[in-house]
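# Observations on the three-dimensional arrangement
Chain by chain, the residues run as shown.
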Amino acid sequence: MDEKTRAQYYDIIENETNRLQRLVTDLLDLAQLERDSYPMTKEPVVYSQVLEDVLYRLEPIARAKGVTIESDLDFDLIILGDHDRLEQVIGNLLDNALRYTDAGKTIHVKTFAETEYAITEIRDEGRGIPKEDLDKLTERFYRVNKSRTRKDGGTGLGLAIAKHIIERHEGSLHFSSEVGQGTTVTVGLPLLPDDEFDM
C-alpha cells in the first residue's frame, strides 16, 4: 500500500491502542473502587490548590477551543483527602464541561464553605442534559447522547469512578441541568476541623 494509506492505518492502530489502554485502566480503577481496595492516601489538603492545578493544566486546551474558564477559589478550605485522586475527579468533571461547551462560552468554577463542607461548583454554558438522564450519569458506560461514538469522548467510566472516589472521601456529587442552558456539577467534601491539622 502507498505511504499515505499506511500512515492512516498506523494512526488508527495507535488511537485504538490508546483507547483500549484507557478503558482497561478505568475498568481496573473501577473494580478496585468497588472492592474498596483502591490505593488512596489521605492527608490534609488545601482543596482549592487541587482545582488550581487542574485549571492550570486545562487552560491551554480551553484557550485553543475558544472557551473561557473563570474561577473564584477559596484557599482557606482544608480537607482530608488524596490530592491525586481528587485531581482525577476534578479533571474529569472539567474535561466533560470543556467537551460540551462551544467556543465563545464560559465555564465558571467556584469553591466555598457551606456548614462543614467544602463545596465546588462547576457551571458550564454547554448543551445541557435532559432531566431523565441526570440520575444515570454515574452509571458505567452510560451516554446521554446514544448516537455518540467512542471518538466523541472517553471510556464512559469517568463519572462512575468520580462518584466512587468522592464517596470514599465521604462526600457528595450532584448534577443539575437545563437543556440548552448548561450544566452545574456540585461536589461536597467534609472540611477538616481546625483542631485536626497544622498546616
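Look a little higher up for the structure.
Basis of the calculations
- Residues numbered from 1 in each chain as written.
- Predicted model: local features only at pLDDT ≥ 70, side-chain atom pairs only at ≥ 80, totals over all residues.
- Heavy atoms only, no water.
- Pairing = 2+ DSSP bridges.
- Helix = DSSP H or I, 4+ residues; strand = E, 2+ residues; numbered from the N terminus.
- Axes fitted to C-alpha atoms, helices over the stretch in contact; angles between N-to-C directions.
- Contact = heavy atoms within 4.5 Å.
- Expected span 1.5 Å × (residues − 1).
- Buried < 20%, exposed > 50% of the residue type's maximum accessible area, 1.4 Å probe, protein only.
- Polar contact = N/O pair within 3.5 Å; in protein donor to acceptor, adjacent residues only side chain to side chain.
- Parallel < 35°, antiparallel > 145°, perpendicular 65-115°, else oblique.
- Left-handed = near helix turned anticlockwise from the far one by under 90°.
- Nonpolar A, V, L, I, M, F, W, Y, C, P; charged D, E, K, R; others polar.
- Phe/Tyr/Trp six-rings, centres within 6.5 Å; stacked < 30°, edge-to-face > 60°.
- Lys NZ or Arg CZ within 6 Å of the ring centre and 35° of its normal.
- Core = buried A, V, L, I, M, F, W, Y, C linked by side-chain atoms within 4.5 Å.
- Patch = residues over 30% accessible without salt bridge, like charges linked within 9 Å, V, L, I, M, F, W, Y side chains within 5 Å.
- Areas by Shrake-Rupley, 256 points an atom, 1.4 Å probe, with all protein chains shown as cover.
- Salt bridge = Lys/Arg side-chain N within 4 Å of Asp/Glu carboxyl O.

### Comments concerning the sheet that holds strand E2 (residues 68-72)
If you trace the 5 strands from one edge of the open sheet to the other, you get E2-E4-E5-E7-E6, paired in mixed fashion. With partners counted over all chains shown, the strands left at the sheet margins are E2 and strand E6 (172-178), one partner each. Here the average twist between neighbouring strands, direction ignored, is 15°. Of the pairings in the sheet, the one linking strand E4 (residues 106-114) to strand E5 (residues 117-123) comprises 7 bridges and is antiparallel in character. Each bridged residue has a counterpart across the sheet, and for Val 109 the counterpart in E5 is Ile 122. Sitting on the sheet, helix H2 (residues 47-65) touches E2, E4, E5 and strand E7 (182-190), and the angle it makes with E4 is about 180°.

### Looking at helix H3 (residues 83-99)
Turn by turn, an α-helix covers 3.6 residues, leaving residues three or four places apart pointing in a common direction. Given a rise of 1.5 Å per residue, 17 residues ought to cover 24 Å, and the 24 Å separating the end C-alpha atoms of H3 matches this to within 8%. The complete set of buried residues in H3 reads Leu 86, Glu 87, Val 89, Ile 90, Gly 91, Asn 92, Leu 93, Leu 94, Asn 96, Ala 97 and Leu 98. The N-terminus of H3 is capped by Asp 82, whose side-chain oxygen sits 3.1 Å from the backbone nitrogen of Asp 84.

### Section: the packing of H3 against helix H5 (residues 158-168)
Viewed as axis vectors pointing N to C, H3 and H5 meet at an angle of 140°, and their least axial separation amounts to 9 Å. Considering the angle they form, H3 stands oblique to H5. In this structure, the crossing between H3 and H5 has a hand that is left-handed. Facing H3, whose interface residues are Arg 85, Leu 86, Gln 88, Val 89, Asn 92, Leu 93 and Asn 96, H5 presents Gly 158, Leu 159, Ile 161, Ala 162, Ile 165 and Ile 166. Of the residues that constitute the contact of H3 with H5, the class distribution is 8 nonpolar, 4 polar and 1 charged.

### Examining the pairing of E4
The sheet contact formed by E2 and E4 spans 5 bridges and is parallel. Looking at the pairing, Glu 70 lines up with His 108 of E4. Between the end of E4 and the start of E5, which pair antiparallel, lie 2 residues, with Thr 115 showing a positive phi angle near 50°.

### Focus on the packing of aromatic side chains
Under the criterion given, the structure shown has 0 aromatic pairs. If you follow Lys 110 out to its NZ or CZ, it ends over the ring of Phe 112, 5.5 Å from the centre.

### Quick look at the environment of Glu 43
Among the structural elements, Glu 43 can be located in strand E1 (residues 43-46). Taking C-alpha positions, Glu 43 is 7.9 Å from Ile 79, a pair spaced 36 residues apart along the chain. Sequence-distant contacts of Glu 43, defined by excluding residues within four places in its chain, comprise Ile 79, Leu 80 and Gly 81.

### Here we look at the nonpolar core
Grouped together as the largest cluster of nonpolar side chains are 35 residues, with contacts concentrated most on Tyr 47, Leu 94, Ile 107 and Val 109. Within the residue set of this core, elements represented by two or more residues are H2, H3, E4, E5, H5 and E7. For Tyr 47, the residues in contact, after removing those within four places along its chain, are Leu 77, Ile 79, Ile 90, Thr 111, Ala 118, Thr 120, Val 187 and Leu 189.

### A look at a nonpolar patch on the surface
On the surface, Met 1, Tyr 9, Tyr 10, Ile 12 and Ile 13 cluster together into a nonpolar patch covering about 600 Å² of accessible area. By the element assignment, Ile 13 lies in helix H1 (residues 3-34).

### Structural notes on the packing of H2 against H3
Contact pair H2 / H3: the axes reach a minimum separation of 9 Å and the direction vectors enclose 30°. By the angle between their axes, H2 is roughly parallel relative to H3. In the packing of H2 onto H3, the handedness of the crossing is right-handed. Of the residues in H3, those touching H2 at Tyr 47, Val 50, Leu 51, Asp 53, Val 54, Leu 55, Arg 57, Leu 58, Ile 61, Ala 62 and Lys 65 are His 83, Leu 86, Glu 87, Ile 90, Gly 91, Leu 94, Asp 95, Leu 98 and Arg 99. Grouping the constituent residues of the contact of H2 with H3 by class yields 12 nonpolar, 2 polar and 6 charged.

### Here's the deal with the environment of Gly 180
Here Gly 180 shows up in the loop between E6 and E7. Considered as a pair, Gly 180 and Pro 130 are 50 residues apart in the sequence and their alpha carbons are 9.5 Å apart. Not counting residues within four places of it along the chain, the set of residues in contact with Gly 180 comprises Gly 126, Arg 127 and Gly 128.

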